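# Observations on the three-dimensional arrangement
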Amino acid sequence: MSKIHLTDLPMNKAGKVISLNCSGPIRRRLLDLGIVNKTKIMPVLKSPSGDPTAFLVRGSIIALRKEDASLIDVEI
Amino acid sequence: MLHGICKHNNKNFLLVDIPGTYSLMSNSQEEEIARNYICFGNPDTTVIILDATCIEKNLNLVFQTLEITNKVVVCVNLLDEAKKKNIEVNLKKLSELLGVPVVGTIARKPKTLKNLLDTIYNVCCDKIVCSPKKIKYYPIIEDCILMLSSDVQKILPVSKQYLTRWICLKLIDRDDSIIDSIENAFGIKLLTDEVLLKLDEIKKLLEKNDITKNNLKDKIVSSIVFTAEDICNEVVSYKRSGYHNRDRKIDKILTSKKFGIPIMILFLGVIFWITITGANYPSQVLSDFFGYIQEKLLYFFSYIHAPDWVSGILIEGMYQTVTWVISVMLPPMAIFFPLFTILEDLGYLPRIAFNLDNYFKKACTTGKQALTMCMGFGCNAAGVVGCRIINSPRERLIAILTNSFVPCNGRFPFLITIASIFIGSIATGIGASILSTICVLFVILLGIYLTLLISKILSKTILKGVPSSFILELPPYRKPQIGKVIVRSLFDRTLYVLGRAISVAAPVGIIIWLFANINIGNLSILSYIANFLDPFAKLMGLDGYILTAFILGLPANEIVLPIILMSYMAKGSLVNLEDTYMIGNILVQNGWTILTAINVMLFTLLHFPCSTTLLTIKKETGSWKWMFISFLLPTVCGIVLCMCTTFLYNLIV
C-alpha cells in the first residue's frame, strides 16, 4: 500500500481515496459526487492536451483538472 | 423554471421542473433554487427522476430530498438504456429501502408514464403515505441532533415539524445561508439564546470527538454516500461487468490526442455543409412561392384602386421584408437546429468541454464555458442563461460577456448566404458548398479563438483571477430520439425564433419603406441616414446601408440581410427577385466586393448582441454596466477587425 496523488495514478489502474486535501466549494463538489474516503477511483481518459483527466468513480465518468486531482490522495 | 400542466384522473397537475442538480447542499445558485422550492414552495409531491444506469450517484440527491420533504415519488427512468447495459434494478426493494413509492419508466414510451401519474396522484391525495427512511449518521452526530430537537420542535410551526431533523443538522453544521432562508420563509427565529447555548455545548462535544467544522460535512456526506452504496448493492445487479465498455471505446476516439479536435471540427463542418446544401432548394421554392403571391397581391391592390402608398407600405415594405426573412432564414434554421440538437442529445457537448478545457484554463476560465459557448450557437440569450452552470461568479461573468462571440442561429443563415454567394461561387458543383463550409467554419473558429482571447484579456484586467476548479461529468452516450428532436427543435426553437424575427421584421419593413420613400429635399430619409453613416462605414469596408441594417437589426439579427436588400431595392435599383441567386446580383450592383463580403461576415460575427440577449445579460448580471460592456466588447472588436482587413486589402489591391 503506498500513498500517491491521484494525478500520479497510472491510466486504467484503480486506487482508493484516502484523503481530500482541499476545502470549501470544491471539497463539497467532490463529496457530492461520492468521492469520499475508501472510494474506488480510476483514470480512464485523457483530453487531447493531456489535461484534464476523466476518472471512473461510482459508475460515472468525472473529469478533473490536474490542479484539482492533485488534491486527492489515493492508495494503491 | 419551466413548468407544464397535465390532467389526470380529472385533476389538474402543475408540474414544475426544478434545475437539475447533484445535491441540495447549495453549491450553486441552481441547487439553492431547487432546495428552496422543495422546502418552501409547498409542492404537493416532489418527483425525483433517477437515471437507471447510475442509481448510486443519484441516491445522494434522493436522501437529501427525503430530509426536507415527506411526499416524494422516486421515478427510475431510462430502464431501456439500463437493460441494454445489462443493469437490473429491483424497484420493489428500492421502494422498501427508501420508504417512498418507486416507479420505473421509459420516458420515450408514453404508456410507461401512466403509472407514474397514478402514483403522483395517490401521493398527492394521501392514498399512499410515504414514510421516508432517514440517513443514520455517526452516533455522535445523532446525539447532537437529539440534544437540539426538542428546542427546534418548539420553534417550528406545527405543519413543519417534519423538518426538525434536517434543521438540527443544519444548525450543527452552522450553515448560515440555509438558516437565514428558513427563518425568513417561516417567520421564525431559530438562533434563540437557548439554541445558541446548546450549540456551544454541541461544538465542545464534537471537538472532543475530533469533529471540527472542516470534517463535519465530510462525515455527514460520507454517511449518505455509504448508505447509497449499500442500497445500490442490494437493488442493482449487473449481469455483466464492464458495462460501459462501448462508451469508453467511443470516448477514446472522440477525445484522443490525434483525432479529438479534428473530429470536433469535422462534426461542425458536416453540420454546416448539410445546412448549406440542404437550404438552397427550399429557400428557392419559398421565394418563388412568396413572389407568386406578391404578384397576385399587387394585382389585387390595383384592382381595388388602393393608393400607391398603401400597397407600398403593405407589400413592398411589410410583406416583402417578412417573406424575405422566412425564405432566407427559415430553411437553414430548420436544418441546423435539429442537427445541432441531435449532437446535444447524443451527449457530445460535454466531450467538447473536455477537449477544450485546457485552452479555457490557459485563458484563466473554466471548461464549462465551452458548454455555454456551444449553447450560444443555438441562441446567445439561451447561452447567457446557461452560464448559471458555472459556479465561480468571475468565470460566469466572463462566459456571459463573451457568449456573443460565437454566431447564433439568427446569424448563421446570413453567414451561410454571404459565404455561398461570394466565396462558394469561386468553385463550381460540390466544390462550391465545400468552399462555403470552410469559409463559415473559419469564421466560427475565429469566433472561438476570440472568445478565448477576450476571456484571457478580461481575466488579466477587469475580471482578475485564477481559474477555479473544474469538475465535469461525462454522461453516458444516448441514442437521440430523432423524431422528437425534429419536432422539438422545429417548434420550440425554430418557429419561436422565426416568430420573433417576423414580429420585428414587419414593423421594421414598414419603417424602411417609409424611410426610403419619404423625401426631404432630393433625398430620402434612408439615404440621409446611410450617407451620414457612410464615411465611417467605408473605413470598415462596408457602406452606410449595411451599417443602418445592422443597427435596425438590433431586435433580431435575422432581419439584417433582408433590410440590406430592401434598402438597396427601395433605393431605386429595380430588380425583380426571382430566386435566391439574385441576392448576389443586387449586392454586386450595389458595389459589394469580396472585401465587403468578408467584412460583413466579420461584422456579423462581431457586433452588439441582439436586444433579447442584452436584456438577458442585464437580468443575469443584475447590472447595466455589464450589459453595456457586453455591447461594446464585440462591437469594438468587429470595428477594429474590419478596419484592419480594409486597410490590408487596400494595401494589396
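A few words now on the sheet that holds strand β4 (residues 72-77) of chain B. Residues and elements named next belong to chain B. Spatial ordering of the open sheet is given by β3-β4-β6, a layout of 3 strands whose pairing is parallel. Two strands in the sheet have a free side with no partner beyond their single neighbour: β3 (46-51) and β6 (102-104). For this sheet, the mean inter-axis angle between neighbouring strands, taken without regard to orientation, is 25°. Pairing analysis gives 6 bridges linking β3 to β4, with the strands arranged parallel. Opposite L50, over in β4, you have V76 as the bridge partner. Across the face of the sheet, helix α4 (residues 91-98) comes into contact with β4 and β6 while running at roughly 155° to β6.

Turning our attention to the interface of chain A and chain B. Counting residues at the interface gives 28 residues for chain A, matched by 33 residues for chain B. Looking at the side of chain A that touches chain B, the elements with two or more residues in it are α1 (24-32), β3 (40-46) and β5 (60-64) of chain A. For the side of chain A that touches chain B, the element with the most residues is α1 of chain A, which contributes 6 residues. Split by residue class, the side of chain A that touches chain B holds 14 nonpolar, 7 polar and 7 charged. Here β5 of chain A pairs with strand β8 (residues 471-474) of chain B via 4 bridges, running antiparallel.

This next bit is on the pairing of strand β4 (residues 53-57) of chain A. Residue and element names in this part refer to chain A. In terms of residue burial, β4 counts as a mostly covered element, since 4 of its 5 residues are buried. Relative to β4, β3 runs antiparallel, the two sharing 5 bridges. What sits directly across from K46, in β4, is T53. Counting the residues between successive antiparallel strands, the hairpin from β3 to β4 contains 6 residues, one of them, G50, with a positive phi of roughly 90°. Bridge analysis of β4 against β5 gives 5 bridges, and the strand direction is antiparallel. Counted as the bridge partner of F55 is I62 from β5.

Residues and elements named next belong to chain B. If you look at the biggest cluster of nonpolar residues, it comprises 171 residues, and the most contacted ones within it are V74, V325, A501 and M601. Among the elements that make up this core, the one with the highest residue count is helix α13 (residues 308-346) (14 residues). Both domains that furnish three or more residues to this core are identified here as domain 1 (2-124) and domain 3 (260-652). In this structure, C39, L148, C168 and I211 belong to the second largest nonpolar core, which totals 20 residues.

Another point: the domain arrangement of chain B. Where interface size is quoted, it is often the accessible area lost as the parts come together. Residue and element names in this part refer to chain B. According to the domain assignment, chain B contains domain 1 (2-124), domain 2 (139-211) and domain 3 (260-652). Its C-alpha centre places domain 1 at a distance of 28 Å from the equivalent point of domain 2. The interface is formed by 6 residues belonging to domain 1 together with 7 residues belonging to domain 2. Elements that contribute at least two residues to the side of domain 1 that touches domain 2 include exactly α1 (29-40) and α2 (55-68). Split into classes, the residues belonging to the side of domain 1 that touches domain 2 amount to 2 nonpolar, 3 polar and 1 charged.

The next subject is the sheet that holds β8 of chain B. The sheet built from 7 strands is open, its strands ordered β1(A)-β6(A)-β2(A)-β3(A)-β4(A)-β5(A)-β8(B) with antiparallel pairing. The open sheet has two edge strands with one neighbour each: β1 (3-5) of chain A together with β8 of chain B. On average, each strand axis in the sheet is inclined to that of its neighbour by 45°, with strand direction left out of account.

Bringing helix α21 (residues 525-539) of chain B into the picture now. Residues and elements named next belong to chain B. Here α21 contains 15 residues, and its C-alpha end-to-end distance of 22 Å stays within 8% of the 21 Å for a straight helix at 1.5 Å per residue. At L533, α21 is deflected by roughly 45°, the largest bend along its length, and proline P535 occurs up to four residues later in sequence. Downstream of α21 by one or two residues, G541 has phi in the positive range, about 75°.

Residues and elements named next belong to chain B. At a minimum axis separation of 10 Å, helix α17 (residues 393-402) and helix α19 (residues 430-460) run at an interaxial angle of 135°. With respect to each other, α17 and α19 are oriented oblique. The hand of the α17/α19 crossing is right-handed. The residues of α19 that touch α17, namely those facing I398, L401 and T402, are T451, I454, S455, L458 and S459. Residue classes in the contact of α17 with α19 are distributed as 4 nonpolar, 4 polar and no charged.

What follows deals with the packing of helix α6 (residues 139-155) of chain B against helix α9 (residues 193-208) of chain B. Residues and elements named next belong to chain B. Relative orientation of the contacting elements α6 and α9 amounts to 170°, with a least axis distance of 10 Å. Considered as vectors, α6 and α9 are oriented roughly antiparallel to each other. From α6, I140, C144, M147, L148 and D151 reach across to α9, where they touch E194, V195, K198, I202, L205 and L206.

Criteria and cut-off values
- Residues numbered from 1 in each chain as written.
- Chains lettered and ligands numbered in written order.
- Predicted model: local features only at pLDDT ≥ 70, side-chain atom pairs only at ≥ 80, totals over all residues.
- Pairing = 2+ DSSP bridges.
- Helix = DSSP H or I, 4+ residues; strand = E, 2+ residues; numbered from the N terminus.
- Axes fitted to C-alpha atoms, helices over the stretch in contact; angles between N-to-C directions.
- Contact = placed C-beta atoms within 7 Å.
- Nonpolar A, V, L, I, M, F, W, Y, C, P; charged D, E, K, R; others polar.
- Buried ≥ 20, exposed ≤ 12 C-beta atoms within 10 Å, placed from the backbone.
- Core = buried A, V, L, I, M, F, W, Y, C linked by C-beta atoms within 7 Å.
- Domains from an automatic or database assignment.
- Expected span 1.5 Å × (residues − 1).
- Bend = angle between axes of the 7 residues up to and from the residue.
- Parallel < 35°, antiparallel > 145°, perpendicular 65-115°, else oblique.
- Left-handed = near helix turned anticlockwise from the far one by under 90°.

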